[in-house]
Amino acid sequence: WDGTSFGIGTASPLSKVHIEKTAYDFDSSPQDGDFHLFLKSSETSTVGDAISIGFAQTSDGTTVGSKISHLVEGSFSRGGLVFSTNDTASAGDTTEERMRITGAGKVGIGTTNPSHALHVSGSGMQKIKVESTDNEAAIELASDSSGPWVMYSANGSDDLRWYGNSAVRMSL
C-alpha cells in the first residue's frame, strides 16, 4: 500500500490494485496458489448461483455497466461464463446476458441454452459477418476426413463461390 494503490507481489503498484506473480504453465493442471486472482463462494455449488465481476463508471455508485459471471451449472463448481452488458440509463444492475460459454464449451449469443458449438439467436434477421480487409472472406465446412467445402467471396469480385474437392463447384 503506497497511500493510493495496493500492491500484492510488488512494491510499485501501477493501478489501484496490482497483483504481480510469475505465470504458471497453462498446459499442465494448475496447482493451489497458481492463480493470480481467485474468486470463491463459501457455499456449496447450487445450480443457478453465480460469482461475478462487475464494471462501472458512474457517479451514482449503483449502476453496473457490464459484468462477467461464473454461472454454476452443476456440482463441484461446474459451469460456464456469462457476459452481460447494459444499454439503459437505469440505476442498479440492469445488465442483460449477451453471450454465454457453457461448461461444455458451447457458445450462445442471444440464447441462454446454446444447442450447437456456436448458436446465434434473436428476433428479426440474424447475421454473422466474416470480413476480410485485404483478401477473401470465407466460411469453411469440414466433416471428419473429407475435404472441406468453402463458401467464399472472391477478392475483387461480387461473386459468391462454393469450393470443394480442389475446385470451384458453383459461382453466383
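Scroll up a little and you will see the structure.
Heads up: these notes are all about the structure in this document. (Residues numbered from 1 in each chain as written. Predicted model: local features only at pLDDT ≥ 70, side-chain atom pairs only at ≥ 80, totals over all residues. Heavy atoms only, no water.)

Judged by side-chain polarity, W1, F6, I8, V17, I19, L37, L39, I53, F55, I68 and L81 come together as a nonpolar surface patch covering roughly 1,000 Å² of accessible area. Going through the elements one at a time, β1 (6–8), β2 (17–19) and β3 (50–55) are the ones with two or more residues in the nonpolar patch. Mapped onto the fold, I8 is located in strand β1. With relative accessibility at 42%, the residue I8 sits in the partly exposed group. (Patch = residues over 30% accessible without salt bridge, like charges linked within 9 Å, V, L, I, M, F, W, Y side chains within 5 Å. Areas by Shrake-Rupley, 256 points an atom, 1.4 Å probe, with all protein chains shown as cover. Salt bridge = Lys/Arg side-chain N within 4 Å of Asp/Glu carboxyl O. Helix = DSSP H or I, 4+ residues; strand = E, 2+ residues; numbered from the N terminus. Buried < 20%, exposed > 50% of the residue type's maximum accessible area, 1.4 Å probe, protein only.)

Moving on, we come to the pattern of salt bridges. Per the counting criterion, the structure on display carries six salt bridges. Taking the shortest distance from any N to any O, the salt bridge between K67 and D93 comes out at 2.7 Å. Within this pair, whereas K67 is found in strand β4 (residues 66–72), its partner D93 is found in the loop between β5 (79–85) and β6 (96–101), the two being separated by 26 residues in sequence. Between R161 and D159 there is a salt bridge whose closest N-O contact spans 3.2 Å.

Limitation: the analysis is restricted to geometry and does not speak to function.
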